Amino acid sequence: DIKAAKAAYESEYEIGERLYEADPTDARWLLSFSSASERMGDLLERTGDPQAARRMFEQMLELSEEVVKQDPNNLQRQDDLAVACDRVGEIALRQQDLEAARDAYRRSIEVRRPIVERDGANPRLQRWLRETEIKVRSIESRLAAQSTSQ
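Not measured: the values here are computed from a predicted model.

(A) The environment of Asn-122, seen in detail. Note on placement: Asn-122 falls in the loop between α5 (98–118) and α6 (123–149). A polar atom in the side chain of Asn-122 sits 3.0 Å from the backbone nitrogen of Arg-124. Among the polar contacts made by the side chain of Asn-122, one reaches the main-chain amide nitrogen of Leu-125 at a distance of 3.2 Å.

The structure is reproduced here in structure tokens:
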């Protein structure tokens, strides 16, 4: 039921926002608000508001960056940041904003590559890194084709 999900996600988002505003330096609230932003973005995209969804994913990215600043050696938080970059890249790509998609995916690679180097035995991370590199090459090809056709 979309209506019930929307009410639950909006409530979670509002709570996360209030906690974050009360103490924007608390990593727990940053993480909670980031997760709520992602869920709201998913819901908004599914219910036909891609612009609002994109704002939520961009907010998720900003919050994830703050968490990594607080704990730069935490591989899980860095991976969360890479996922946030991917989410922004995905929605930008669906909206045909190729430059924004490319930039978000490049940032994901920048964040994820050192994680893969430190945790080289993790096939999931290796696969995500390769897939993201392929997306960037594809987008760059599309951008190059657009610039030559103009």
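(B) Focus on the side chain of Arg-87. Here Arg-87 shows up in helix α4 (residues 75–94). If sequence neighbours within four positions are ignored, Arg-87 has contacts with Glu-38, Asp-42, Phe-57 and Met-60.

(C) Examining the packing of helix α2 (residues 27–46) against helix α3 (residues 50–70) more closely. Taken N-terminus to C-terminus, the directions of α2 and α3 make an angle of 160°; their axes are 8 Å apart at the nearest point. Considering the angle they form, α2 stands roughly antiparallel to α3. At the point where α2 passes α3, the crossing takes the left-handed sense. Every residue of α3 that contacts α2 at Ala-27, Leu-30, Leu-31, Phe-33, Ser-34, Ser-37, Glu-38, Met-40, Gly-41, Asp-42, Leu-44 and Glu-45 is listed here: Pro-50, Ala-52, Ala-53, Met-56, Phe-57, Gln-59, Met-60, Leu-63, Ser-64, Glu-66, Val-67 and Gln-70.

(D) Fine view of the packing of aromatic side chains. Under the defined criterion, the tally for this structure stands at 2 aromatic pairs. Ring geometry for Tyr-13 versus Phe-33: centroids 5.1 Å apart, planes at 45°, classification tilted. Here Tyr-13, found in helix α1 (residues 2–22), pairs with Phe-33, found in helix α2; they are 20 residues apart in sequence, far enough to count as distant. Neither residue differs from the other here; Tyr-13 and Phe-33 are each classed as buried. Over the ring of Trp-29 we find Arg-28, and its NZ or CZ is 4.7 Å from the ring centre. If you follow Arg-124 out to its NZ or CZ, it ends over the ring of Trp-128, 4.5 Å from the centre.

(E) Representation of the packing of α5 against α6 in the model. Where α5 contacts α6, the two axes come as close as 9 Å, and the packing angle between them is 150°. On the basis of the axis angle, α5 is roughly antiparallel to α6. Note on packing geometry: the crossing formed by α5 with α6 is left-handed. Here the residues of the contact of α5 with α6 sort into 12 nonpolar, 4 polar and 9 charged.

(F) Seen up close, the nonpolar core. By size, the foremost hydrophobic cluster in this structure holds 35 residues, and its most contacted members are Tyr-13, Leu-44, Phe-57, Leu-61, Leu-81 and Ile-139. Mapped by element, the contributors of at least two residues to this core are α2, α3, α4, α5 and α6. When residues in this core are grouped by element, the largest group, 9 residues, is from α3. Ignoring sequence-local partners within four residues, the contact set of Ile-139 consists of Leu-93, Leu-98, Ala-101, Arg-102 and Tyr-105.

Conventions we followed
- Residues numbered from 1 in each chain as written.
- Predicted model: local features only at pLDDT ≥ 70, side-chain atom pairs only at ≥ 80, totals over all residues.
- Heavy atoms only, no water.
- Helix = DSSP H or I, 4+ residues; strand = E, 2+ residues; numbered from the N terminus.
- Polar contact = N/O pair within 3.5 Å; in protein donor to acceptor, adjacent residues only side chain to side chain.
- Contact = heavy atoms within 4.5 Å.
- Axes fitted to C-alpha atoms, helices over the stretch in contact; angles between N-to-C directions.
- Parallel < 35°, antiparallel > 145°, perpendicular 65-115°, else oblique.
- Left-handed = near helix turned anticlockwise from the far one by under 90°.
- Phe/Tyr/Trp six-rings, centres within 6.5 Å; stacked < 30°, edge-to-face > 60°.
- Buried < 20%, exposed > 50% of the residue type's maximum accessible area, 1.4 Å probe, protein only.
- Lys NZ or Arg CZ within 6 Å of the ring centre and 35° of its normal.
- Nonpolar A, V, L, I, M, F, W, Y, C, P; charged D, E, K, R; others polar.
- Core = buried A, V, L, I, M, F, W, Y, C linked by side-chain atoms within 4.5 Å.

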